[in-house]
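# Architecture and fold: a report
Next come the chains, spelled out residue by residue.
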Amino acid sequence: MSGPLKGLRVVDFSRVLAGPLCARTLQDLGAGVIKIEPPRPDLSRFAFPSSEGMSGYYAQQNAGKRNISINLNLPGARELALKLCDTADIVVENFRAGTLGFFGLDYETLAKRNPRLIYASITGYGQGGPWRSRMAYAPTVQAEVGFTANSVRHYGEALREPRTDSLSHGDVYTGLQAVIAILAALNSRQRTGRGQFIDVAMAATLLAINERAHLDLSDDDIGAEPAILGATDCAFFTGPGGEHFTVATSIVGSRTFPSWLRAMRRADLADDPRFGTAATRRLHFGALHQIIQTWILTFPDMASLDAQFDEAKIAMGEVRSVKELAGSDWSAYWGAVQRVPDRSGGEYRLPGRPWRFSDEELAPPGPPAFQGEHNIEVLSELGVCAAELARLAAAGVLISHPRAQAAED
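What you see is a predicted model, and the numbers here were worked out from it, not measured in a lab.

### What to know about the sheet that holds strand 5 (residues 66-69)
In a beta sheet, neighbouring strands are held together by backbone hydrogen bonds and run either parallel or antiparallel to one another. One open sheet accounts for six strands, arranged 5-2-1-6-7-8; its pairing is parallel. Of all the strands in the sheet, the pair left with one neighbour each is strand 5 and strand 8 (197-201). The average angle at which neighbouring strand axes cross in this sheet is 20°, direction not considered. One ladder, built from three bridges, connects strand 1 (residues 9-12) with strand 6 (residues 90-93); its direction is parallel. Across the sheet, residue Asp 12 finds its bridge partner in strand 6, namely Val 92. Helix 8 (residues 169-192) contacts strand 6, strand 7 (118-123) and strand 8 of the sheet and is inclined by roughly 160° relative to strand 7.

Encoded structure:
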């Protein structure tokens, strides 16, 4: 591996999304990651489309990780996991609070053997408190912490029935916040020589990243005014060539409406009683939107329209699919899409890295592993002999997918 975290070892006990994304991000930054998978495989292996124990969903969060599969319920398995954690800089897990403690793999036990260990536990609501044992998936935690209510309130009558977001923000943001905490703990370890335990809660994360929480927590009433900052009241328009695009500047807000007047050279609209206040602009939104749309269609192309928007400090963005973005010049410049083998003769196209370093070269992620593909390789590195590995496999302590066995043979 290469990258700023080269030389660090991560043991990843996690599954599905928040924990795997955390460990994958550490790997993208150069750490070596070993994923420990239980006998019942990571659920994400069976997301659609899936073939022979491999899916694009699994590959996106786990490509390049070495994989061992251990049945922790059987004698001898715990000792293998302990040996592996003795060599780790970082452990990541996202089971319900206390689950790994049942197997003697809690932070207190591991830290006695490996005092420099940084142990990050990701749960819905934290390791203690009244909600510690609750199941936690992104849609349910998002509902609990106001994320869903914000969406329903924002879209209002535009929603025929309440809807949550289609993406798992609770998992993704929490995985990234766990990375931030781990990097901070690594810095602390440089000074103290000691690792530490990190408790990361999805609910606390979603509250922390809600840039409008201050408004919801206050007793202020801003009436018809949209919050000035944030993706609120962003109108959609049709471009000169039929493009579908949106803007990040509200046509309703009192502090943003003047930007539209400058862009259109229509100072006269400020005196139109339909558009004099945020409340009246919201009431006559359709009429105001039509005036702007008619003006937009006077431009020969999107480039010239964008130039005039830019002059008025109005940002715009064309509504594209992910596949359309992948075919753009920007995507080619950034390397926004990377390819990894799907282990069946084809490939997965996955998101590239979000950063570039001036003095570091980030290695390609590598292929996604089958369950237990690296049992022999990883455990041999720990000094487990071939005869013992064979015995553990025969006893069901070590599990491997048939394709993994073929790969190791």
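On we go.
### Considerations on the nonpolar core
Ranked by internal contacts, the top residues of the largest apolar core, which has 32 residues, are Phe 13, Ile 70, Val 91 and Leu 105. Sorting the residues of this core by element identifies strand 2 (32-37), helix 3 (77-86), helix 5 (107-113), helix 17 (375-381) and helix 18 (386-394) as the ones contributing at least two each. Ranked by the residues each element gives to this core, the list is headed by helix 3, at six residues. Residues within four places of Leu 105 in sequence aside, it is in contact with Phe 13, Leu 72, Ala 81, Leu 82, Leu 100, Leu 110 and Tyr 119. With 24 residues, the next largest nonpolar core counts Phe 257, Trp 260, Leu 269 and Trp 295 among its residues.

### Overview of the side chain of Asn 114
You can see Asn 114 is positioned in the loop between helix 5 and strand 7. When its relative accessible area of 8% is taken as the criterion, Asn 114 is described as buried. A polar atom in the side chain of Asn 114 sits 3.5 Å from the backbone oxygen of Asp 86. The residues contacting Asn 114, other than those within four sequence positions of it, are Cys 85, Asp 86 and Ala 88.

### Brief notes about the state of the cysteines
Scanning all chains against the criterion turns up zero disulfides. Cys 85 carries a free sulfur, and the closest cysteine sulfur to it, the one in Cys 22, is 15 Å from it.

### So, the side chain of Asn 94
With respect to the helices and strands, the residue Asn 94 is situated in the loop between strand 6 and helix 4 (99-102). By relative accessible area, Asn 94 is classed as buried at 13%. Not counting the four nearest positions on each side in its chain, Asn 94 is found in contact with Ser 14, Arg 15, Ala 18, Gly 19, Pro 20 and Ile 122.

### Here we look at the pairing of strand 13 (residues 347-351)
As paired elements, strand 12 (residues 337-341) and strand 13 share five bridges and run antiparallel to each other. Looking across to strand 13, one finds that Arg 339 is bridged to Arg 349. Counting the residues in the hairpin turn of strand 12 and strand 13 gives five residues, including Arg 343, whose phi is positive at 70°.

### Remarks on the pattern of salt bridges
Tallied over the full model, the rule gives 19 salt bridges. Of the charged contacts, one joins Arg 24 and Asp 28 as a salt bridge, the two residues approaching to 3.4 Å between their closest N and O atoms. Of this pair, Arg 24 and Asp 28 both sit in helix 1 (residues 18-28), separated by four residues, roughly a single helical turn. No difference in accessibility class separates Arg 24 from Asp 28, as the two residues are buried. Across the pair Arg 45 and Glu 37 runs a salt bridge, and its minimum N-O distance is 2.7 Å. The two residues Arg 45 and Glu 37 agree in class, both being buried.

### Here we look at the sheet that holds strand 9 (residues 236-238)
Here three strands make up an open sheet; going across it, the order is 9-10-11 and the pairing antiparallel. Two strands lie at the open edges of the sheet, namely strand 9 and strand 11 (316-318), each paired on one side alone. Within this sheet the neighbouring strands show an average axis-to-axis angle of 35°, counted without direction. As judged from the three bridges shared by strand 9 and strand 10 (residues 244-247), these two strands associate in the antiparallel manner.

### Focus on the packing of aromatic side chains
Aromatic ring pairs are described here by two measures, namely the spacing of the ring centres and the angle between the planes. Scanning all chains against the criterion turns up 14 aromatic pairs. Centroid distance Phe 102 to Phe 103: 5.3 Å. Interplanar angle 85°. Geometry classified as edge-to-face. For the pair Phe 237 and Phe 245, a centre-to-centre distance of 6.0 Å together with 35° between the ring planes defines the contact as tilted. Of the two residues, Phe 237 and Phe 245, both sit in the buried class. Three or more aromatic residues joined by ring pairs make a cluster, and in this case those are Phe 237, Phe 245, Trp 260, Trp 295, Phe 299 and Phe 309. Over the face of the ring belonging to Tyr 58 we find Arg 45, whose NZ or CZ atom lies 3.9 Å from the ring centre.

The rules behind the values
- For every chain, the first residue of the written sequence is number 1, and numbering continues from 1 along that sequence.
- It should be noted that, the model being predicted, local features are given only for residues of pLDDT at least 70 and side-chain atom pairs only at 80 or more, the latter also being counted only at that level, while totals for whole chains, interfaces and linings use all residues.
- Remark: hydrogens and water are excluded; side-chain values derive from all non-hydrogen atoms of the structure.
- When DSSP locates at least two bridges between a pair of strands, those strands are taken to pair.
- The way it works is that DSSP assigns letters per residue, a run of H or I at least four long becomes a helix, a run of E at least two long becomes a strand, and they are numbered from the N terminus.
- Lines fitted to C-alpha atoms define the axes here, with helix axes fitted over just the stretch in contact, and angles between the N-to-C directions of these axes take values from 0 to 180 degrees.
- Contacts between residues were defined by any pair of non-hydrogen atoms, one from each residue, lying within 4.5 Å.
- Nonpolar cores are built from buried Ala, Val, Leu, Ile, Met, Phe, Trp, Tyr and Cys residues. Side-chain atoms within 4.5 Å join them into one set.
- Note on classification: 1.4 Å probe, protein chains only; a residue is buried when its accessible area is under 20% of the maximum for its type, exposed when over 50%, partly exposed between these limits.
- Under this definition, polar contacts are N or O atom pairs within 3.5 Å; protein pairs additionally need one hydrogen-donor-capable and one acceptor-capable atom, and for neighbouring residues in sequence, both atoms have to be side-chain atoms.
- A pair of cysteine sulfur atoms is labelled a disulfide when the two atoms are within 2.5 Å.
- Whenever Lys or Arg places a side-chain nitrogen within 4 Å of a carboxyl oxygen from Asp or Glu, that contact is recorded as a salt bridge.
- Working definition: rings of Phe, Tyr and Trp (its six-membered ring) pair if their centres are within 6.5 Å, and the pair is stacked with planes under 30 degrees apart, edge-to-face with planes over 60 apart, and tilted otherwise.
- Remark: a charge is flagged as sitting over a ring if the NZ atom of Lys or the CZ atom of Arg is within 6 Å of the ring centre and within 35 degrees of the ring normal.

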